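# Inside the fold
What follows is the residue order along each chain.
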Number of protein chains: 2
Amino acid sequence: MNFLEERIQKDGIVKEGNVLKVDSFLNHQMDIKLFRQMGEEWKRRFAEANINKILTIEASGIGIACIAAEYFNAPVVFAKKSKSINIEGDMYIAEVESFTHKCKNQVIVSKKFLTPEDHVLIIDDFLANGCALQGLISIVAQAGATLEGIGIAVEKGFQQGGRVIRNLGYHLESLAIVERMDAETGEIMFREQ
Amino acid sequence: MNFLEERIQKDGIVKEGNVLKVDSFLNHQMDIKLFRQMGEEWKRRFAEANINKILTIEASGIGIACIAAEYFNAPVVFAKKSKSINIEGDMYIAEVESFTHKCKNQVIVSKKFLTPEDHVLIIDDFLANGCALQGLISIVAQAGATLEGIGIAVEKGFQQGGRVIRNLGYHLESLAIVERMDAETGEIMFREQ
């Protein structure tokens, strides 16, 4: 097991309904030292890619993306889930469903911050059904930017999101892929990488 | 002018209705090198404080808080604006109004991640009327934790938020305080610090 799988084994909590709680270190309380290990590992896995911008989505992707950005020496753009009066002018828009919130969100990125010159690494904390990620990929495509890769912290390998993205030929690097988990025993099995 | 005031002068855009757009470097696209300067400066200004946890609020506070956390060697907890099924159990709750979204939000922090043992630095990107900040302060109080200080990137000095917080005796360090701005001329005047 790698450092993230070990941490999930240690501090992750499996709940009914395929919910994996990692809120003590990943998406509510955030362990910045762990985020640095993640950034370092993504830098290793995307060493060949020429990345000048990192794209994520609010809220829990932002912290991971910002720490990872230090290893790629690139700015971060985060897609917003609701239109704010502080965002004006032309925007890229994609519809995404939220697994956790059971609702549809419109995610938006200002056209000023993604252009055909950009070589983008998408970073997010979770990949399950892949709706959020598909929205981000659509926004990169709308911008005419180059998608160099996708870095995910925790992928739920038993849901379709990751398979679809890999079938589409994208370079997806999930640091931990949960193959199956059991709410009764608390057992978490990871995919061999 | 300090590094942040200079950057706001250079890239900030003043809009009608006292809106200061800093979305090219602070709260949509995020300049991580700038965030590091901010973290370093807060570390300097809070050098006396014994801080073991950083508290912020989603979404645009998270990136700044995570980079700042590297200088304080502390984890970050971010308050969430909407109840998620991934958060269960006891939570601290505060009502906050959003200036940008013109709505009321309930902000919540899991009781697991703030305790009477914590010495907290609150970090956020903006301080205007202070509603979000008051909610975070209330949550620190609910936890019985010690509020060591408050670090803000951009304070709108012509709104009441900062004055109220200083009157209450909190150690508030805003890296840039906008005294007045003019949407017609684009002029931005900062308070001498």
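Here the structure is shown first, and the text comes after it.
No experiment lies behind these values; they were computed from the predicted model shown.

### Section: the pattern of salt bridges
Pairing between side chains of opposite charge can happen when their charged atoms approach one another. For the structure shown, the criterion picks out 24 salt bridges over all chains. Here Glu-70 of chain B ties to Arg-36 of chain A by a salt bridge, and the two come within 2.8 Å at their closest N and O atoms. Of this pair, Glu-70 of chain B sits in helix 3 (residues 60-72) while Arg-36 of chain A is found in helix 2 (residues 32-45), placing the two residues in two different chains. A relative accessible area of 18% means that Glu-70 of chain B is categorised as buried. Take Arg-36 of chain A: its relative accessible area is 33%, and that puts it in the partly exposed class. Because the salt bridges share partners, they merge into one network encompassing Arg-7, Lys-10, Asp-11 and Asp-31 of chain A.

### Some words on the pairing of strand 8 (residues 119-127) of chain B
Residues and elements named next belong to chain B. Of all the nine residues making up strand 8, eight are buried; the element is thus mostly covered by neighbouring parts of the structure. Pairing of strand 4 (residues 53-57) with strand 8 involves three bridges; the strand directions are parallel. Following the sheet pairing, Leu-55 is matched in strand 8 by Ile-122. In this sheet, strand 9 (residues 146-156) lies alongside strand 8 in parallel orientation, the contact comprising eight bridges. Each residue of the ladder has a partner; that of Asp-124, found in strand 9, is Ile-152.

### Concerning the sheet that holds strand 9 (residues 146-156) of chain A
With mixed pairing, the seven strands of this open sheet are ordered in space as 11(A)-10(A)-9(A)-8(A)-4(A)-5(A)-3(B). Taken across any chain shown, the strands that pair with only one partner, and hence form the sheet edges, are strand 11 (188-190) of chain A together with strand 3 (29-30) of chain B. In terms of strand pairing, strand 4 (residues 53-57) of chain A meets strand 5 (residues 76-79) of chain A through four bridges, oriented parallel. By the bridge assignment for strand 5 of chain A, Leu-55 of chain A is matched with Val-77 of chain A.

### A few points about the side chain of Ser-174 of chain A
All names here are of chain A. Topologically, Ser-174 is positioned in strand 10 (residues 172-181). Only 2.6 Å separates the side chain of Ser-174 from the side chain of Glu-155, close enough to count as a polar contact. When residues no more than four places from it in sequence are discounted, the contact partners of Ser-174 are Arg-45, Ile-152, Ala-153, Glu-155, Arg-166 and Gln-193.

### Considerations on the nonpolar core
The biggest cluster of nonpolar side chains holds 79 residues, and the ones touching the most others in it are Leu-20, Leu-26 and Trp-42 of chain B. In contact with Leu-26 of chain B, other than residues within four places in its own chain, are Phe-35, Met-38, Ile-64, Asp-125, Phe-126, Ala-153 and Val-154 of chain B.

### Some words on helix 2 (residues 32-45) of chain B
Residues and elements named next belong to chain B. Spanning 14 residues, helix 2 covers 20 Å between terminal C-alpha atoms, matching the ideal 20 Å at 1.5 Å per step. Three or more residues of helix 2 are buried, namely Ile-32, Leu-34, Phe-35, Met-38, Gly-39, Glu-41, Trp-42 and Arg-45. Where helix 2 begins, the capping side chain belongs to Asp-31, and its oxygen is found 3.0 Å from the backbone nitrogen of Lys-33.

### Let's talk about the sheet that holds strand 10 (residues 172-181) of chain B
The strands that make up a sheet are held in pairs by hydrogen bonds between backbone atoms, and each pair lies either parallel or antiparallel. The seven strands lie next to each other as 3(A)-5(B)-4(B)-8(B)-9(B)-10(B)-11(B), forming an open sheet whose pairing is mixed. In this open sheet, the two strands that pair with only one neighbour each are strand 3 (29-30) of chain A together with strand 11 (188-190) of chain B.

### A few points about the pairing of strand 10 of chain A
All names here are of chain A. With eight of 10 residues buried, strand 10 lies mostly within the body of the structure. Judged from the six bridges that link them, strand 9 and strand 10 form a sheet pairing that is parallel. Bridging across to strand 10, Lys-156 finds its partner in Val-178. Note: strand 10 against strand 11, three bridges, orientation antiparallel. Paired with Met-181 across the two strands is Ile-188, which belongs to strand 11. Between strand 10 and strand 11, which pair antiparallel one after the other, the connecting turn spans six residues, and Gly-186 there sits at a positive phi close to 80 degrees.

### Some words on the packing of helix 3 (residues 60-72) of chain A against helix 3 of chain B
Two elements in contact, helix 3 of chain A and helix 3 of chain B, have axes whose closest approach is 8 Å; the angle formed by their N-to-C orientations is 50 degrees. Overall, the two elements helix 3 of chain A and helix 3 of chain B adopt an arrangement that is oblique. As helix 3 of chain A runs across helix 3 of chain B, the sense of the crossing is right-handed. From helix 3 of chain A, Ile-62, Gly-63, Cys-66, Ile-67 and Glu-70 of chain A reach across to helix 3 of chain B, where they touch Ile-62, Gly-63, Cys-66, Ile-67 and Glu-70 of chain B. Grouping the amino acids of the contact of helix 3 of chain A with helix 3 of chain B by side-chain chemistry returns six nonpolar, two polar and two charged.

Conventions used here
Position labels on residues start from 1 in each chain and follow its written sequence. Throughout, the order in which chains and ligands are written sets their labels, letters from A for the former and numbers from 1 for the latter. Given that this is a predicted model, residues contribute local features only at a pLDDT of at least 70 and side-chain atom pairs are listed and counted only at 80 or more, while totals for whole chains, interfaces and linings are drawn from all residues. Side-chain metrics rest on all non-hydrogen atoms present in the structure, leaving aside hydrogens and water. Salt bridge, as applied in this entry: a Lys or Arg side-chain nitrogen positioned within 4 Å of an Asp or Glu carboxyl oxygen. Helix and strand assignments follow DSSP, with helices taken as H or I runs no shorter than four residues and strands as E runs no shorter than two, numbered in order from the N terminus. Summary of the burial criterion: residues with accessible area below 20% of their type's maximum are buried, those above 50% are exposed, and those between are partly exposed, where the area comes from a 1.4 Å probe applied to protein chains only. Paired strands, as defined in this entry, are two strands with at least two bridges between them according to DSSP. Polar contacts, as counted here, are pairs of nitrogen or oxygen atoms within 3.5 Å of one another; within protein the pair requires one atom able to donate a hydrogen and one able to accept it, and residues that are adjacent in sequence qualify only if both atoms are side-chain atoms. Whether two residues are in contact is decided by their heavy atoms: any pair within 4.5 Å suffices. What we call a nonpolar core is a set of buried Ala, Val, Leu, Ile, Met, Phe, Trp, Tyr and Cys residues that are connected through their side-chain atoms within 4.5 Å. Given a helix with a known number of residues, its expected span is that number minus one, times 1.5 Å. To get an axis, fit a line to the C-alpha atoms, keeping to the stretch in contact for a helix; angles then go from 0 to 180 degrees between the N-to-C directions. By the definition adopted for this analysis, an angle is roughly parallel if under 35 degrees, roughly antiparallel if over 145, roughly perpendicular if from 65 to 115, and oblique otherwise. By convention the crossing between two helices is left-handed if the near helix lies anticlockwise of the far one by an angle smaller than a right angle, and right-handed if it lies clockwise. Throughout, the ten residues Ala, Val, Leu, Ile, Met, Phe, Trp, Tyr, Cys and Pro are labelled nonpolar, Asp, Glu, Lys and Arg are labelled charged, and all others, Gly among them, are labelled polar.

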